[in-house]
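The primary structure of each chain is shown beneath.
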Amino acid sequence: MDSFGDLMHGFAVVLSWHNFLYMLIGITLGVIIGVLPGLGGANGVAILLPLTFSMPPTSAIILLSCIYWGALFGGAITSILFNIPGEPWSVATTFDGHPMAQNGKAGEALTAAFTSSFVGALFAVIVITLAAPLVARFALQFGPAEMFSVFFLAFCSFVGMGKEPPAKTVASMMVGFALAAVGTDTVTGQLRLTFGSTQLLGGFDFLVAVIGLFGIGEILLTMEEGLSFKGKATGINPTVVWQTWKTLPRYWVTSLRACVIGCWMGITPAGATPASFMSYGIAKRASRNGDKFGTGEIEGVIAPETAAHAAGTSALLPMLALGVPGSPTAAVLLGGLMIWGLQPGPLLFVEQKDFVWGLIASMYLGNVVGLAVVLTMVPMFAAILRVPFGIIAPIILVICAIGAYTVHNNSFDVIMMLVFGIGGYFLKKCNYPLAPLVLAIVLGDKAEEAFRQSLLLSQGSVAVLWSSKLVTIIMSLGLLALFWPAVSAGLNRVLKPLFAR
Amino acid sequence: MSNPPDAPGSTGPRHRTIEMGVALFIMALGAITMFGSLSVGIGWAAEGPQSGFFPFYVGLMIVIASAINFLRASGIARGRQFAEWGQIAQVRKVVIPMAIYVAAVPWIGIYVASGLLIAGFMRWLGRYGWLMTVAIGVAMPILIYVTFETWFLVPLPKGPLEDLLGL
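Only a predicted model underlies this, so the values are computations on that prediction, with no experimental measurement involved.

Asker: Whenever I open this one, the side chain of Lys 168 of chain A confuses me. Can you help?
Answerer: Tracing the sequence through the fold places Lys 168 of chain A in helix H8 (residues 166–181). Among all residues touching Lys 168 of chain A, those that are not within four sequence positions of it are Cys 430, Asn 431, Tyr 432 and Pro 433 of chain A together with Glu 19 and Asn 69 of chain B.

Take a look at the structure:
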């Protein structure tokens, strides 16, 4: 098998001592970031990205992707012990995780959550190992029209699959595209939408937007809610871990279903958060103990955690193979690739073998290391949350400001960060999704380029987007995703009477 | 966190008003985008679609989507609260110091500004004693200096104090 050899080569790249060290640092930082309010996966990676500009790309991506795994693990800790989801994708984990902690079974809940996360991630990495090279090879023959249709599909999925009202998703996404358009037009080199301001010549940087929207916005929301951390004791020890592990294989069906849901939702950019809710909902309906969900069922922890981690990990598949990220954090990593001088897209698998397979190998190792780190150091991480908000909040604000400044060594970016933060607070409160906005800022220029090049080829006819079989299929899938709520409602109306008989 | 919100049942701005305001604000962004695109040309030139072509339609979609959002927002029940005034006051307690901080960074440098922000927060929101406040307010900037300037070799903005110290 071709990719097996490549993978082994990847392990050889990762297993140098300094890359392993980056992995450990990344996981630990990631868990801390996941535990703290206002510092999430996307935001944490965005803040640290400028520090990696001088590192070799492989080490940099290992460090940053491990922060992401760490953040995925960390979200579960606060959900279970404090009933505060550190990350949006761990909201569903609070439903049964926190009741378990209240019943004195915090250790079991944490073990189940971490192990499920690990299983979900492992499943997704295997999917990536097997599928990503094939997808990339297939995508090598893509022209601009095909590329645009993939972007179209990705953005339509947000509108159709998201739980927010479609008009709000469209508005938020298009604001992202508009922000991406500010500055120099990448095709003609002309300046546009700067309105004479020299500060806007370079356009809006997505890193500053991410730090503001997710970091400052989150702190404002936390302030509004008036945080009071009342945590449960961790109570995790080797006996509890072992006892829990013995019971887990019983739930393999729940686990497998959650893996599949997670991978599906991660690859189509719906993301980890809806995946965790969907998995929880289906597990509740399918389980014999469904009516006990919400009172501390271990299955109610396994289902969302497995799906969230599978989605979070598999979001990297389209990012690596197509250059289309499946989640905000994947979008930030993609932005990192461009900064390190790598051209994201299918060619990555041909031209940057060390990088791609090093990253995939680090996903395997990173999750093993992550599981070991979180299982052994939970009490320490929980202690961080007991540091009063009065100290933690200003420190997070300062870290965000430094992160925004270091992107371009520009104080104006710090001002923009605050503006994005206040905007993020209002958007979040009014139920506008932020993920499409961020993805649009990152992908805006590329999507526009693909669109304009396709139009050039066809001399201005939009029919180019339906010119070949492949493009037609992807565009139609996009339209299907766009109108999915209407389509599924229609299907239900037609199919229900058929099954009722 | 130290100042609890006002008595339960306190009032606040209507959710409907804020949501309609947000929709209008986004619509204005869309209109600005369309206007800016028009000035660079939205048609077809020798090099293909002009620079304003793509953003113009992006702006148009923002305006249409916002119009829908605005109409839907006007249907929100008037009784629904956006947040209580006490909560808004909490948010303001972060936004105002942060705005001052952001404005001060280019003048006094990020280290002094950060120290003051952290100390100010601890003193007035966290109600810590002076000793603890000063200790953390001084220690954090030094820690940041060591991490960024010494370890990662990333220069951060400095002000008169750093000049005085010869850093």
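Asker: Looking at this structure, how should I read the interface of chain A and chain B?
Answerer: Interfaces are often sized by the accessible area lost when the parts come together. The partner chain B presents 61 residues to the 57 residues of chain A that form the contact. Taking both sides of the interface into account, the surface hidden between chain A and chain B amounts to around 5,300 Å²; carbon and sulfur atoms contribute 81%. It is Leu 51, Met 223 and Ile 402 of chain A in chain A that bury the most area against chain B; as a group they hold 11% of the surface buried on that side. Where chain A meets chain B, there are one salt bridge. Where Glu 19 of chain B meets Lys 168 of chain A, a salt bridge forms, and the shortest distance between an N and an O atom there is 2.1 Å. Taken together, the links from chain A to chain B amount to ten residue pairs in polar contact (both at pLDDT 80 or more).

Asker: Help me out: how do you make sense of helix H3 (residues 41–48) of chain A in this one?
Answerer: Because each turn of an α-helix spans 3.6 residues, side chains separated by three or four positions in sequence point in the same direction. Residues and elements named next belong to chain A. For H3, a buried count of eight out of eight residues is recorded, marking the element as mostly surrounded by other parts of the structure. Looking at H3, one finds that the buried residues are Gly 41, Ala 42, Asn 43, Gly 44, Val 45, Ala 46, Ile 47 and Leu 48. On its buried face, H3 sits against helix H2 (17–35), helix H4 (57–82), helix H9 (206–225), helix H15 (328–339) and helix H18 (389–408).

Asker: Teacher, can you tell me more about the layout of surface pockets here?
Answerer: If you add up the space inside the second largest pocket, you get close to 820 Å³. Along its surface, the second largest pocket is lined by 27 residues, and Leu 29, Leu 48 and Ile 399 of chain A together with Thr 147 and Phe 148 of chain B are the ones closest to its centre. Those elements giving two or more residues to the lining of the second largest pocket turn out to be H2, H3 and H18 of chain A together with helix H4 (130–151) of chain B. A class-by-class count of the residues in the lining of the second largest pocket yields 23 nonpolar, four polar and no charged.

Asker: What is the right way to look at the pattern of salt bridges in this model?
Answerer: Oppositely charged side chains are able to pair whenever their charged atoms sit close together. Residues and elements named next belong to chain A. Under the criterion given, the structure shown has seven salt bridges over all chains. A salt bridge links Lys 429 to Glu 224, with the shortest nitrogen-to-oxygen separation between them at 2.9 Å. Taken together, the residues Lys 429 in helix H19 (residues 411–429) and Glu 224 in helix H9 connect sequence positions 205 residues apart. Note on Glu 224: relative accessible area 7%, which makes it buried. Notably, a salt bridge pairs Arg 452 with Glu 448, separated by 2.6 Å at the nearest N-O pair. Separated by four residues within a single helix, Arg 452 and Glu 448 lie in helix H20 (residues 435–457), roughly one turn from each other. Overall, the relative accessible area of 2% leaves Arg 452 in the buried class. Under the relative-accessibility criterion, Glu 448 is labelled buried at 1%.

Asker: Would you mind going over the packing of helix H5 (residues 91–102) of chain A against helix H12 (residues 272–286) of chain A with me for this structure?
Answerer: Between two packed helices, what matters for the description is the angle formed by their axes and the separation of those axes. Residue and element names in this part refer to chain A. Close contact between H5 and H12 brings their axes to 8 Å; oriented N to C, the two are set at 40°. Regarding the angle of H5 to H12, the classification is oblique. Residues Val 91, Ala 92, Phe 95 and Asp 96 of H5 form the contact with H12, whose own contacting residues are Ser 276, Phe 277 and Tyr 280. The residue inventory of the contact of H5 with H12, partitioned by class, reads five nonpolar, one polar and one charged.

What counts, and where the lines are drawn
Residues numbered from 1 in each chain as written. Chains lettered and ligands numbered in written order. Predicted model: local features only at pLDDT ≥ 70, side-chain atom pairs only at ≥ 80, totals over all residues. Heavy atoms only, no water. Helix = DSSP H or I, 4+ residues; strand = E, 2+ residues; numbered from the N terminus. Contact = heavy atoms within 4.5 Å. Buried area = accessible area lost by both parts, 1.4 Å probe. Salt bridge = Lys/Arg side-chain N within 4 Å of Asp/Glu carboxyl O. Polar contact = N/O pair within 3.5 Å; in protein donor to acceptor, adjacent residues only side chain to side chain. Buried < 20%, exposed > 50% of the residue type's maximum accessible area, 1.4 Å probe, protein only. 1 Å grid on protein atoms, 1.4 Å probe; cavity = no way out; pocket = protein on both sides within 12 Å on 5 of 7 lines; lining within 4 Å. Points joined across faces, edges and corners; volume = space filled by probe spheres on them. Nonpolar A, V, L, I, M, F, W, Y, C, P; charged D, E, K, R; others polar. Axes fitted to C-alpha atoms, helices over the stretch in contact; angles between N-to-C directions. Parallel < 35°, antiparallel > 145°, perpendicular 65-115°, else oblique.

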